[in-house]
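Chain by chain, the residues run as shown.
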Amino acid sequence: MPATPTPLLAVPGLPAGPADIRLIVTDMDGTLLDDAKRIPDGLWPMLAELRRRDVLFSPASGRQYATLARQFAEVAEGMVFIAENGTYVVRDGVELSSDTMDRAVAAGVAHTVRRLVADGVDVGAVVCGKRSAYVERTDEAFLAEVRKYYVEHRIVEDVTAVEDDVIKVALFDFGFAEHSTAPALASVAATHQVVVSGEHWVDVMNRTANKGTALRALQRALGITPAQTMVFGDYLNDLEMLDAAEWSFAMANAHPRVVLRARHLAPSNNDDGVLRTISRVLGL
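Keep in mind that this is a model prediction, so the values were computed, not measured.

### What about the packing of aromatic side chains?
- This model, assessed by the stated rule, comprises 10 aromatic pairs.
- Ring geometry for F72 and F81: centres 6.2 Å apart, planes at 50°, overall tilted.
- The class for F72 is buried, based on a relative accessible area of 0%.
- Under the relative-accessibility criterion, F81 is labelled buried at 2%.
- Measuring from ring centre to ring centre gives 5.4 Å for Y149 and W201, while their planes differ by 80°; the resulting arrangement is edge-to-face. Residue Y149 is located in helix α5 (residues 140-149), and its partner W201 is located in strand β12 (residues 201-205); the two are separated by 52 residues in the primary sequence. Grouping residues by exposure puts Y149 and W201 together as buried.
- Taken together, the aromatic side chains of W44, F57, Y65, F72, F81 and Y88 make up a single cluster linked through ring pairs.

### Some points on the pairing of strand β10 (residues 166-173)
- β10 sits mainly inside the fold: 8 of its 8 residues count as buried.
- With 4 bridges connecting them, β10 and β12 associate as antiparallel partners. Pairing of V169 across the sheet is with V204, part of β12.

### Some words on helix α10 (residues 273-282)
- Burial of α10 is extensive: 7 of the 10 residues sit out of reach of the surface.
- Along α10, the positions that sit buried rather than exposed are G273, V274, L275, T277, I278, V281 and L282.
- Buried residues along α10 sit in contact with β2 (23-26), α1 (28-32), α2 (43-52), β13 (229-233), β14 (247-251) and β15 (264-266).
- Positive phi appears at G283, one or two residues downstream of α10, with a value of about 70°.

### Topic: α2
- Of all the residues in α2, the buried ones are L43, M46, L47 and L50. Around the axis of α2, the buried residues are gathered within 105° of arc, so they sit on the same side. Summarising the geometry of α2, the exposed residues directed more than 90 degrees from the buried face are P45 and R52.
- Where α2 is buried, its residues contact β2, α1, β3 (56-59) and α10.
- Two residues or fewer after α2 comes D54, characterised by a positive phi angle close to 65°.

### Overview of the side chain of S58
- With respect to the helices and strands, the residue S58 is situated in strand β3.
- Classification of S58 as buried rests on a relative accessible area of 0%.

### Points about the sheet that holds strand β7 (residues 123-129)
- Ordered by their spatial adjacency, 6 strands build an open sheet running β9-β8-β7-β10-β12-β11, and the pairing between neighbours is mixed. Of all strands in the sheet, those with a lone pairing partner are β9 (153-155) and β11 (193-196), marking the two edges. When the angles between neighbouring strand axes are averaged without regard to direction, this sheet yields 25°.
- Of the pairings in the sheet, the one linking strand β8 (residues 133-135) to β9 comprises 3 bridges and is parallel in character. Across the sheet, V135 pairs through a bridge with I155, a residue of β9.
- Against the sheet, helix α4 (residues 103-118) engages β7, β10 and β12, with an angle of about 10° to β10.

### Quick word on the sheet that holds strand β6 (residues 94-98)
- What the 3 strands build is an open sheet, ordered β4-β5-β6; its pairing is antiparallel. Of all strands in the sheet, those with a lone pairing partner are β4 (80-83) and β6, marking the two edges. Between one strand axis and the next, the sheet turns by 20° as a mean value, whatever way the strands run.
- Here 4 bridges tie strand β5 (residues 88-91) to β6, and the two strands are oriented antiparallel to one another. Bridge pairing in β6 places V90 opposite E95.
- Its contacts with the sheet put helix α7 (residues 211-222) on β4, β5 and β6, and the angle it makes with β4 is roughly 160°.

Quick notes on the rules
Residues numbered from 1 in each chain as written. Predicted model: local features only at pLDDT ≥ 70, side-chain atom pairs only at ≥ 80, totals over all residues. Heavy atoms only, no water. Phe/Tyr/Trp six-rings, centres within 6.5 Å; stacked < 30°, edge-to-face > 60°. Buried < 20%, exposed > 50% of the residue type's maximum accessible area, 1.4 Å probe, protein only. Helix = DSSP H or I, 4+ residues; strand = E, 2+ residues; numbered from the N terminus. Pairing = 2+ DSSP bridges. Contact = heavy atoms within 4.5 Å. Arc of directions from axis to C-beta. Axes fitted to C-alpha atoms, helices over the stretch in contact; angles between N-to-C directions.

Now the structure itself:
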């Protein structure tokens, strides 16, 4: 891979005609969605055209499956949702794959969060299960952030005692998560992934779980190659996913490490970068 990705409009490898793309996978926040968290209006007619061409479009997000399914409810039939940073993959309501955590590890993360709170850090834990997400914090500021990503969530007295398959523990830090909350998880990072998935979010998952692992499994199941796969991302939880596609695009607004990892550079999320790139490469 080149040290610096090639801007979209100057990609020497872009085909004169439409590329043979069979699978398009995009992150949501900071990638497909603009900064106001809106899906671009042009996506809906584009999805109809992609379906006509037998190109599968798959959202891949740290967001919950229930949240993604609601966002794409009108076009969800046949769509594969790579949810919870690849720990839970679903198509037409049927689980394709999952990577569940040891509940003792999840409980340990929750205890760490409680200690951070006691030390004055403004952070809260979201224990993510297959059926629901679970939180202990009840203040409106925290719950407002939870609702953005976890439409199915429950307030419980003790998140360490939930009866569900835990697939991820997400931490929301009202400060800068990469500098405050993430370092406090050094002990769990020795055995599990601690991924900064946004300015305020840190996700704890099994070492085997990431969007890239989920994508490669999907490619094998569908008989689709990396050369036939287009991927878009902007943050650190997208790195492995970019490695699984020859058509890998970092958004212009992406984290510097994502820009270095991708093969190409797309316009920013606020400039309809995903749609513009798909149109350019597929000749729509």
